[in-house]
Amino acid sequence: MCSQNDLNSIKRVAKKKISPAEKIASVHIDFDKDNVLPELNDEDLGKIGLKQNKPVLLKKSVIDRNRTEHSDLTDEDFQNVIANALYSPSEIFKANREKPYYHFAKVIEVNSKGKPEIGLALLDVDDVKDNFEVVHAQFARPRSYNAMKNKK
């Protein structure tokens, strides 16, 4: 877990408004521990109906589970999906009726497959938690992506 000093440092940085491009550039995932990422963009927060912003937590257990479930994602792909989908999404849509999960989607132009792919980051935005939490990251084919998006 993150220490209180780490969280205080993140909160100080989070109060300073930074652009989406700066947020994307600041995402450097350490694959051996929990990571605290910048807060979401205010406009994107509004799209999901929330008022209070929080840092985004990426737990080591999520990194490990994602490596197993999506071995097609290199570490670089994983980092690109997380950074670009969360801080420069093309679309945001609800992922689950029961839980406060949202898909943040972005076409990733540069990836290990050598072709543009739709990158999805699934985010838990439960307002009772101290952070928003990354649940999952993946590439999706257009057909799968459209099925997720149109799921009611």
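Details of the structure are given in the entry above.
All values derive from a computational prediction rather than experimental measurement.

Rules of the game
- Residues numbered from 1 in each chain as written.
- Predicted model: local features only at pLDDT ≥ 70, side-chain atom pairs only at ≥ 80, totals over all residues.
- Heavy atoms only, no water.
- Pairing = 2+ DSSP bridges.
- Helix = DSSP H or I, 4+ residues; strand = E, 2+ residues; numbered from the N terminus.
- Axes fitted to C-alpha atoms, helices over the stretch in contact; angles between N-to-C directions.
- Contact = heavy atoms within 4.5 Å.
- Core = buried A, V, L, I, M, F, W, Y, C linked by side-chain atoms within 4.5 Å.
- Buried < 20%, exposed > 50% of the residue type's maximum accessible area, 1.4 Å probe, protein only.
- Arc of directions from axis to C-beta.
- Salt bridge = Lys/Arg side-chain N within 4 Å of Asp/Glu carboxyl O.

Visitor: Before we go on, may I ask you to explain the pairing of strand 3 (residues 91-94) in this structure?
Guide: Across four bridges, the pairing between strand 3 and strand 4 (residues 101-108) is antiparallel. Note that in strand 4 the partner of K94 across the bridge is Y102. What sits between the antiparallel neighbours strand 3 and strand 4 is a turn of six residues.

Visitor: How do you make sense of the sheet that holds strand 5 (residues 117-124) when you look at a structure like this?
Guide: Either a parallel or an antiparallel arrangement is found when strands of a sheet pair, and the pairing is made through backbone hydrogen bonds. The strand order 1-2-6-5-4-3 describes an open sheet built from six strands, whose pairing is mixed. Of all the strands in the sheet, the pair left with one neighbour each is strand 1 (35-37) and strand 3. Neighbour to neighbour, the strand axes of the sheet diverge by 35 degrees on average, direction disregarded. Sheet strands touched by helix 4 (residues 60-69): strand 1, strand 2 (56-58) and strand 6 (132-140). Its angle to strand 6, the strand with the most contacts, is close to 15 degrees.

Visitor: Could you clarify how one ought to interpret the side chain of H103 in this entry?
Guide: Structurally, H103 can be placed in strand 4. Each residue touching H103, except ones within four places of it in the same chain, is listed here: E91, I92, F93, A95, L120, A121, L122 and M148.

Visitor: How should I be thinking about the nonpolar core in this particular structure?
Guide: Within soluble globular proteins, side chains that are nonpolar generally end up buried alongside one another. By size, the foremost hydrophobic cluster in this structure holds 29 residues, and its most contacted members are L40, V56, F78, I82, L86 and L123. Taken together, the elements giving at least two residues each to this core come down to strand 2, helix 4, helix 5 (75-87), strand 4, strand 5 and strand 6. Of all the elements, helix 5 adds the most residues to this core, at seven residues. Leave out the neighbours within four places in its chain, and V56 touches N35, V36, L37, P38, L40, L86, Y87, L123, F132 and V134. Within the second largest apolar cluster, six residues are counted, among which are F93, A105, I118 and A140.

Visitor: I keep staring at the environment of K17 and nothing clicks. Help me out?
Guide: Relative to the elements of secondary structure, K17 occurs in the loop between helix 1 (4-15) and helix 2 (20-26). For the pair K17 and N41, spaced 24 residues apart in the sequence, the C-alpha separation amounts to 9.2 Å.

Visitor: So what exactly am I meant to see when it comes to helix 4 here?
Guide: Side chains of residues three or four places apart in an α-helix project in the same direction, reflecting 3.6 residues per turn. All of the buried residues along helix 4 are V62, I63 and N66. One side of helix 4 carries all its buried residues, which in axial view fall inside an arc of 100 degrees. In this fold, the buried residues of helix 4 make contact with strand 1, strand 2, helix 5 and strand 6.

Visitor: Honestly, the pattern of salt bridges in this entry has me stumped. Any pointers?
Guide: Close approach of charged atoms allows side chains with opposite charge to pair. Taken as a whole, this structure holds 10 salt bridges when the rule is applied. Between R67 and D75 there is a salt bridge; the shortest N-O distance is 2.9 Å. A salt bridge links E133 to K129; the nearest nitrogen and oxygen atoms lie 3.8 Å apart. Exposure remark for E133: the relative accessible area of 15% places this residue in the buried category. Look at the salt bridges and you will find they share partners, linking K59, D124, K129 and E133 into a network.

Note that all results are geometric; they support no functional claim without further evidence.
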